[in-house]
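Remarks on the overall topology
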Amino acid sequence: MIIVGILLVALAIGGGAWFLSSRSSHKRREEREAQQLADAQADARRWIERLGGQVMQISGTDSASQQAMADASERFTAANAAISRATTAKQANLARESALEGMHYVNAAREIMGMNPGPELPPLEGQRAAGKVTEERTVEANGQEITASPYASANTPNYYPGGIVAGRPVPAGWYSRPWWADALHTGVWMVGYSMMFNALFSGMSGIGYSAAAAESGDWGGPDGMGDAGDFGGDAGDAGDVGGGDDGGGFFDGLTDGDGDGFFDGMFDFDF
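Residue positions within a chain follow its written sequence, with the count starting from 1. In keeping with the predicted nature of the model, local features appear solely for residues at pLDDT of at least 70, side-chain atom pairs appear and are counted solely at 80 or more, and the whole-chain, interface and lining totals rest on all residues. Side-chain measures here rest on the full set of heavy atoms in the structure, leaving out hydrogens and waters.

With that settled, consider the environment of Leu-124. Counting from the N terminus, the helices are the DSSP runs of H or I reaching at least four residues and the strands are the DSSP runs of E reaching at least two. Note on placement: Leu-124 falls in the loop between α3 (89–112) and α4 (127–130). When its relative accessible area of 6% is taken as the criterion, Leu-124 is described as buried. Distance from Leu-124 to Glu-97, taken between C-alpha atoms, is 6.8 Å for residues 27 residues apart in sequence. Sequence-distant contacts of Leu-124, defined by excluding residues within four places in its chain, comprise Glu-97, Leu-100, Glu-101, His-104, Pro-161 and Gly-162. Per-residue accessibility, obtained with a 1.4 Å probe over protein chains only, is compared with the maximum for each type, and a residue is labelled buried under 20%, exposed over 50%, and partly exposed between these values. Here a residue-residue contact requires only that any non-hydrogen atoms of the pair lie within 4.5 Å.

Shown next, in the form of structure tokens:
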């Protein structure tokens, strides 16, 4: 009986120690997560405030700089909405990414207007791997054109700093139309992405991957395309909150069958 009693006491002490240890570990994990969230929120708000100041102070002087600042303003709205509902560090980081993207738009606008673009910005998720436009190229499809260029012009006023949209790469450059806009707002790419991507970028020195690789997720994203793809999808959701009428998405009228959609007669590409 004495031995049984000793065993019971030992079990009780061991169980109590395990419970206290487990509870302490859980509390430390909660504290760590709360600190990570607080840090991520503070970093996001820092970039959001910086972007807001630029949006308030700078007005474009031509079509390209005006469009870049309009895009910056949209990302400011999206970042504010995202941070207001962020309850995890990952969500706060998405808000930071929206604000940082907006700052890239601001720097592009400043450069166009001959202003000092300011200090170098941290890269966006997947920006380097997405590549950049290194030559002007125009694709013609059923009477409509889309031009990609490394430089801003009246014909290419739409800037994208490069990165991931809905899990797929969009090279940095200036474009005649924001062909990524619908995917940014909906998180879904329409049919025809690969054809258009090949037509615009096949063989271009700044793009080191094929359209098939971009569509399959094997294009060499920052940490393997798995994480990058997840981020891109979430970033697409964050873009939804930007709202607003952007003058018509690139894929508007895509399937109306009236011959006006960009992908109508997609096989009629001329270079």
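Next comes the rest of the write-up.
Okay, the nonpolar core next. Trp-179, Trp-189 and Phe-201 are the most contacted members of the largest nonpolar core, which totals 57 residues. Per-element tally for this core: the top contributor is α3, with nine residues. For Phe-201, the contacting residues outside a window of four places in its chain are Val-133, Arg-137, Ala-148, Pro-171, Tyr-175, Trp-179 and Ile-207. Take the buried Ala, Val, Leu, Ile, Met, Phe, Trp, Tyr and Cys residues and link them wherever side-chain atoms come within 4.5 Å; each set so joined is a nonpolar core.

Take the confidence of the model for the chain next. As a per-residue measure, pLDDT tells how confident the predictor is, with possible values from 0 to 100. Across the chain, the average pLDDT comes to 79, with 75% of residues at 70 or higher. In this model residues 222–271 is a low-confidence stretch, pLDDT under 50, and it forms 100 contacts with partners more than four residues away in sequence or in other chains.

We now examine helix α6 (residues 193–201). Extensive coverage of α6 is indicated by the burial of seven of its nine residues. When α6 is considered as a whole, its buried residues turn out to be Tyr-193, Ser-194, Met-196, Phe-197, Ala-199, Leu-200 and Phe-201. After α6 finishes, the residue Gly-203 shows a positive phi value of roughly 80°.

Our next topic: the packing of helix α2 (residues 63–84) against α3. Lines are fitted to the C-alpha atoms to define the axes, a helix being fitted only along its stretch in contact, and any angle between axes, read from their N-to-C directions, falls within 0 to 180 degrees. It is at 8 Å that the axes of α2 and α3 come closest, and there the two elements cross at 165°. Here α2 lies roughly antiparallel to α3, going by the angle between them. Crossing of α2 over α3 shows left-handed handedness. Where α2 approaches α3, its residues Ala-64, Ser-65, Ala-68, Met-69, Asp-71, Ala-72, Arg-75, Ala-78, Ala-79, Ala-82 and Ile-83 are matched on the opposing element by Ala-92, Ala-95, Ser-98, Ala-99, Glu-101, Gly-102, Tyr-105, Val-106, Ala-109 and Ile-112. Three categories are distinguished: nonpolar for Ala, Val, Leu, Ile, Met, Phe, Trp, Tyr, Cys and Pro, charged for Asp, Glu, Lys and Arg, and polar for the others, with Gly belonging to the last. Split into classes, the residues belonging to the contact of α2 with α3 amount to 15 nonpolar, three polar and three charged. Angle categories are assigned with fixed cut-offs, so that under 35 degrees is roughly parallel, over 145 is roughly antiparallel, 65 to 115 is roughly perpendicular, and the rest are oblique. What makes a crossing left-handed is the near helix being turned counterclockwise from the far one by less than a right angle; a clockwise turn instead makes it right-handed.

We define a salt bridge as a contact between a side-chain nitrogen of Lys or Arg and a carboxyl oxygen of Asp or Glu at a distance within 4 Å. A complete count under the given rule lists four salt bridges for this structure. The partner of Asp-43 in a salt bridge is Arg-96, and the shortest N-O contact between them spans 2.8 Å. Here Asp-43, found in helix α1 (residues 2–57), pairs with Arg-96, found in helix α3; they are 53 residues apart in sequence, far enough to count as distant. Given the relative accessible area of 19%, Arg-96 is considered buried. Overlapping salt bridges, with partners in common, bring together Asp-43, Arg-46 and Arg-96 in one network.

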